[in-house]
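# Descriptive structure summary
The chain contents come next:
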Amino acid sequence: IKELKEIYKQKEHIKLEPYKAIHKQIWNNIENGVKLNKENYIVYQVPPFLFGYTQYDVDDCCEWQKNKLIKKGKQHIEVIVCENNQLFIKWNFNK
């Protein structure tokens, strides 16, 4: 059973690698928006694949991003999953 748990853990780690890479891109876009004092939102399209990473479920990735951003941003970030794998991400850090 210990070996099976380890295999599962490795698969889960591999699955999350592209999710984490996308999350980093999204967070960089948010940080740039805040620094440049542009609009307080972005629309981010989750790519259907990333070079150098395993294939992933785009719909699952969108939901993962939504949950991760809301958790990370606490009450300061709102996320709406739109059509075509787009995320509408709005923030207000003045709260």
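Right, let's walk through the structure included here. (Residues numbered from 1 in each chain as written. Predicted model: local features only at pLDDT ≥ 70, side-chain atom pairs only at ≥ 80, totals over all residues. Heavy atoms only, no water.)

### Notes on the pairing of strand β2 (residues 77-81)
- Where β2 meets strand β3 (residues 86-91), five bridges bridge the pair, whose relative direction is antiparallel. Considered in β3, the bridge of V81 is made with L87.
- Counted along the chain from β2 to the antiparallel partner β3, the turn is four residues long, and its residue N84 has a positive phi close to 60°. (Pairing = 2+ DSSP bridges. Helix = DSSP H or I, 4+ residues; strand = E, 2+ residues; numbered from the N terminus.)

### What about the pattern of salt bridges?
- Evaluation of the coordinates by the stated rule reveals one salt bridge.
- We note a salt bridge from K15 to D60, for which the minimum N-O separation is 3.3 Å. Here K15, found in helix α1 (residues 2-35), pairs with D60, found in helix α2 (residues 58-73); they are 45 residues apart in sequence, far enough to count as distant. (Salt bridge = Lys/Arg side-chain N within 4 Å of Asp/Glu carboxyl O.)

### Observations regarding a positive patch on the surface
- A cluster of basic residues, K20, K68, K71, K72 and K74, forms a positive patch on the protein surface.
- The biggest single contributor to the positive patch is α2, with three residues. (Patch = residues over 30% accessible without salt bridge, like charges linked within 9 Å, V, L, I, M, F, W, Y side chains within 5 Å. Areas by Shrake-Rupley, 256 points an atom, 1.4 Å probe, with all protein chains shown as cover. Lys, Arg positive; Asp, Glu negative; His and termini not counted. Charge placed at Lys NZ, Arg CZ, Asp CG, Glu CD.)

### Here we look at α1
- Between its first and last C-alpha, α1 extends 47 Å over 34 residues, near the 50 Å set by a 1.5 Å rise per residue.
- Approximately 30° is the largest bend angle found in α1, and it occurs at E17, with the proline P18 only one to four residues beyond.
- Buried within α1 are the following residues: L16, P18, Y19, A21, I22, H23, I26, W27, I30 and G33.
- Close packing links the buried residues of α1 with β1 (41-45), α2, β2 and β3.
- Where α1 terminates, the next one or two residues include N37, which has phi positive at roughly 55°. (Expected span 1.5 Å × (residues − 1). Bend = angle between axes of the 7 residues up to and from the residue. Buried < 20%, exposed > 50% of the residue type's maximum accessible area, 1.4 Å probe, protein only. Contact = heavy atoms within 4.5 Å.)

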